[in-house]
Amino acid sequence: MHWDESKLLINYQQVLQALDAANQAANRQSPAGLLAVSKTKPATMIRALYEAGQQDFGENYLQEALGKIDALNDLPITWHYIGSIQRNKTRDIAKYFDWVHTIEREVIAKRLNEQRAGLPPLNALIQVNIDDEDSKSGCLPDELPSLIRAMMNYENLRLRGLMVIPNKAGSDAFVRTKALFDEMAERFKLPQWDSLSMGMSGDMAEAVANGSTMVRVGTAIFGAREYA
């Protein structure tokens with residue numbers, strides 16, 4: 001695949017500037033970070049971005065991600081799994097990723113915990129279906145406490161917070177997610193409950209204003225997705 005490195009790096013700097021502006025506008029003491037979503041893009045683009053200073057990369061498709069992780073194993077990249085999780089994927093996710101954003105069921109958390117044994121704890125986020133959409137994955141808000149209660153006891157998972165994909169820009173989904181996040185923080189007093197993965201290219205500023213700690217940006221950095 002042919003791609004233009006100068007265009008990639010210009011895009012990246014523009015996204016960083018937009019994120020910096022959003023953090024400043026929200027008066028964030030600890031600024032939200034950038035997760036570069038690299039699905040369908042080649043390892044060479046990831047390497048170029050890493051060399052430009054980007055450390056965290058998000059992948060949706062497991063087999064594609066494993067090839068990139070292998071090709072880039074000389075770099076200390078922080079890999080985030082942000083795709084849906086079937087049971088047959090948990091072993092590789094547990095083995096090769098640093099973060100997982102999309103836990104929605106206890107059976108998946110249990111498998112990840114067991115298969116992570118012998119490695120540093122896997123940073124884990126629970127995906128919440130904040131708008132109760134049939135088309136989206138995630139546990140419902142009223143299911144969240146029981147899932148947290150189960151995951152608290154998994155020593156190979158480090159439960160860090162929540163991830164959402166809201167229904168549409170301009171709704172109050174970010175506000176409701178932050179309220180849920182704060183409610184769970186108060187209720188469970190988890191030692192490292194500090195992460196809210198919300199916001200993408202189109203709603204980054206709104207997400208940061210409402211407490212996002214990491215925004216997931218793909219197209220605005222890498223350009224349109226490639227489809228096989």
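Refer to the structure presented above.
Given the structure is predicted, the values throughout are model-derived calculations rather than measurements.

Undergrad: Tell me about the nonpolar core, and please be specific about residues and values.
TA: Membership of the largest hydrophobic core comes to 65 residues, with the highest contact counts inside it found for I126, M151 and I221. Residue contributions to this core peak at 6 residues, all from helix 7 (residues 173-188). Every residue in contact with I126, bar those within four places of it in the chain, is listed here: H101, I103, C139, L144, L147, I148, M151, L159, G161, L162 and M163.

Undergrad: Outline the pattern of salt bridges, listing residues and values.
TA: A full pass over the atoms with the stated rule returns 10 salt bridges. R47 is the partner of D74 in a salt bridge, and the nearest nitrogen-oxygen pair spans 2.9 Å. Taken together, the positions of D74 in the loop between helix 3 (62-71) and strand 3 (78-81) and R47 in helix 2 (residues 43-51) put the pair 27 residues apart, joining distant regions of the chain. Measuring nitrogen to oxygen at the nearest pair gives 2.6 Å for the salt bridge that ties E64 to K68. Residue E64 and its partner K68 are both found in helix 3; the two are separated by 4 residues, about one turn of the helix. Several salt bridges converge on common partners, so that one network encompasses E59, E64 and K68.

Undergrad: Give me the packing of aromatic side chains: which residues, what numbers.
TA: Tallied over the entire structure, the rule returns 3 aromatic pairs. With a centroid separation of 5.4 Å and 75° between ring planes, the pair formed by Y81 and F97 is classed as edge-to-face. Here Y81, found in strand 3, pairs with F97, found in the loop between helix 4 (90-96) and strand 4 (99-103); they are 16 residues apart in sequence, far enough to count as distant. Side by side, Y81 and F97 carry an identical accessibility label, which is buried. Residues F181 and W193 carry aromatic rings whose centres are separated by 5.3 Å and whose planes lie at 15° to one another, so their mutual orientation is stacked. Taken together, the residues F181 in helix 7 and W193 in the loop between helix 7 and strand 7 (195-197) connect sequence positions 12 residues apart. This pair shows no difference in class: F181 is buried, exactly as W193 is.

Reading guide: rules and limits
- Residues numbered from 1 in each chain as written.
- Predicted model: local features only at pLDDT ≥ 70, side-chain atom pairs only at ≥ 80, totals over all residues.
- Heavy atoms only, no water.
- Core = buried A, V, L, I, M, F, W, Y, C linked by side-chain atoms within 4.5 Å.
- Buried < 20%, exposed > 50% of the residue type's maximum accessible area, 1.4 Å probe, protein only.
- Helix = DSSP H or I, 4+ residues; strand = E, 2+ residues; numbered from the N terminus.
- Contact = heavy atoms within 4.5 Å.
- Salt bridge = Lys/Arg side-chain N within 4 Å of Asp/Glu carboxyl O.
- Phe/Tyr/Trp six-rings, centres within 6.5 Å; stacked < 30°, edge-to-face > 60°.

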